[in-house]
Amino acid sequence: MTNYRLLAGKVAFITGASSGIGAAAARVFSREGAAVVLTARREDRLAELTRQLREAGAEASYVVADVTRPEDARRAVAFAVERHGRLDAAFNNAGIGGDRTPLHLMGDDVYDTVMDTNVRGVWNCLRPEIAAMLAGGGGTIVNNSSVAGLVAIPSAAPYLAAKHAVVGLTRAAADEYARQGIRVNAVAPGITRSEITADWFGRNPGLEEMVHAMTPQGRTAEPEEIAETAAWLLSDRSPFLTGAVVPVDGGFVNQ
Ligand code: NDP
């Protein structure tokens, strides 16, 4: 019988898998048939999620890594390849929100940490992932940008710059490796329930209501809604799609 699961038989590597969209991706990708390799810094979270996935019958493992460190990113990708013999799919999702502050008052340290995690982190992972996929004859990559990679949102300049850079890296990699069987796309989530948004909403009363008012569908996304789109982009069911940035945003950037 044909296996209709989107990621049946694939080996998928997920960064930022300890919470939010990355943890949802771990659940969705394994439900869709992938063997998943999870990474993040918080080992207790990764261990518990891996336990839950295995209990549900999935093939899951984890490796602790800080994506801001190139050697960690290389080690994490190597772990996935050593364990499964190849890498078919990667979701570069790890990221931080940073402060919500007007640009001229923003701390330089915020710029540094946001760029290090959200841009250099993607860069650090992309390179060993692409090398592994070239060795294996191809693969698919999805980077997690944001609606802030497509349009302006207020008081988040480093985050906005970082997420635009993720779009740039996505397009560059898609263009360079299209003829070598590697597709690279990005998702651009709108406001999504996670630790980042809990922190932003907690520190900025009224922000959640404001975002809902600005979103045609008038609500926050569940992390699984982003993960479902990433799963499809990573699957063989989007074969002619590369270099795309797909908004998953309840209509936010369409306005
Ligand atoms: P969470 O805070 O819930 O998840 C962020 C994840 O990134 C965690 O697993 C965290 O794990 C990991 N992470 C952060 N820094 C590092 C690091 N240096 N090394 C390794 N892992 C790291 O937030 P979200 O799920 O919302 O965020 C996921 C992605 O989605 C981010 O790139 C974010 O910018 C993007 N996004 C989110 C939106 C939203 O509204 N929530 C909207 C648009 C985009 P740990 O701390 O264990 O290392």
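Everything below is about the structure shown above.
Attention in this report is confined to the structure presented alongside it.

Here is what the cut-offs are and how they apply
- Residues numbered from 1 in each chain as written.
- Predicted model: local features only at pLDDT ≥ 70, side-chain atom pairs only at ≥ 80, totals over all residues.
- Heavy atoms only, no water.
- Near = heavy atom within 4 Å.
- Polar contact = N/O pair within 3.5 Å; in protein donor to acceptor, adjacent residues only side chain to side chain.
- Areas by Shrake-Rupley, 256 points an atom, 1.4 Å probe, with all protein chains shown as cover.
- Helix = DSSP H or I, 4+ residues; strand = E, 2+ residues; numbered from the N terminus.
- Nonpolar A, V, L, I, M, F, W, Y, C, P; charged D, E, K, R; others polar.
- Core = buried A, V, L, I, M, F, W, Y, C linked by side-chain atoms within 4.5 Å.
- Buried < 20%, exposed > 50% of the residue type's maximum accessible area, 1.4 Å probe, protein only.
- Contact = heavy atoms within 4.5 Å.
- Pairing = 2+ DSSP bridges.
- Right-handed = clockwise from strand over helix to strand, strands pointing away.

A few words on the site of the ligand. Surrounding the ligand, one finds 31 residues, the nearest of these being S18, I21, R41, Y159 and S194. I21 is positioned with one of its backbone polar atoms (N or O) 2.8 Å from an oxygen atom of the ligand. Against a free-state accessible area of 870 Å², the protein chains account for coverage of 95% of the ligand. Contributions of two or more residues to the shell around the ligand are made by α1 (20–31), α5 (157–177) and α6 (195–203). With three residues, the single largest contributor to the shell around the ligand is α6. Looking at side-chain class alone, the shell around the ligand contains 11 nonpolar, 15 polar and five charged residues.

We now examine the nonpolar core. Of all hydrophobic cores here, the largest spans 33 residues; its most connected members are I14, F29, V36, L38, L53 and F91. Broken down by secondary-structure element, the contributors of at least two residues to this core are β1 (11–15), α1, β2 (35–40), α2 (43–55), β4 (89–92) and α8 (223–234). Leaving out residues up to four positions away in the same chain, F29 has contacts with L7, A12, I14, A34, V36, F91, A227, A230, A231 and L234. Within the second largest apolar cluster, 29 residues are counted, among which are A65, A90, V119 and A173.

In terms of burial, strand β6 (residues 182–189) is a largely internal element, eight of the eight residues being buried. Burial along β6 is two-sided: I182, V184, A186 and A188 and R183, N185, V187 and P189, pointing in opposite directions, are all buried. Two elements, strand β5 (residues 139–144) and β6, share six bridges in a ladder whose sense is parallel. In the sheet register, N143 faces β6, and the bridge partner there is A186. In terms of handedness, the path from β5 via α5 over to β6 forms a crossover that is right-handed. Bridge count between β6 and strand β7 (residues 245–248): four bridges; the pairing is parallel.

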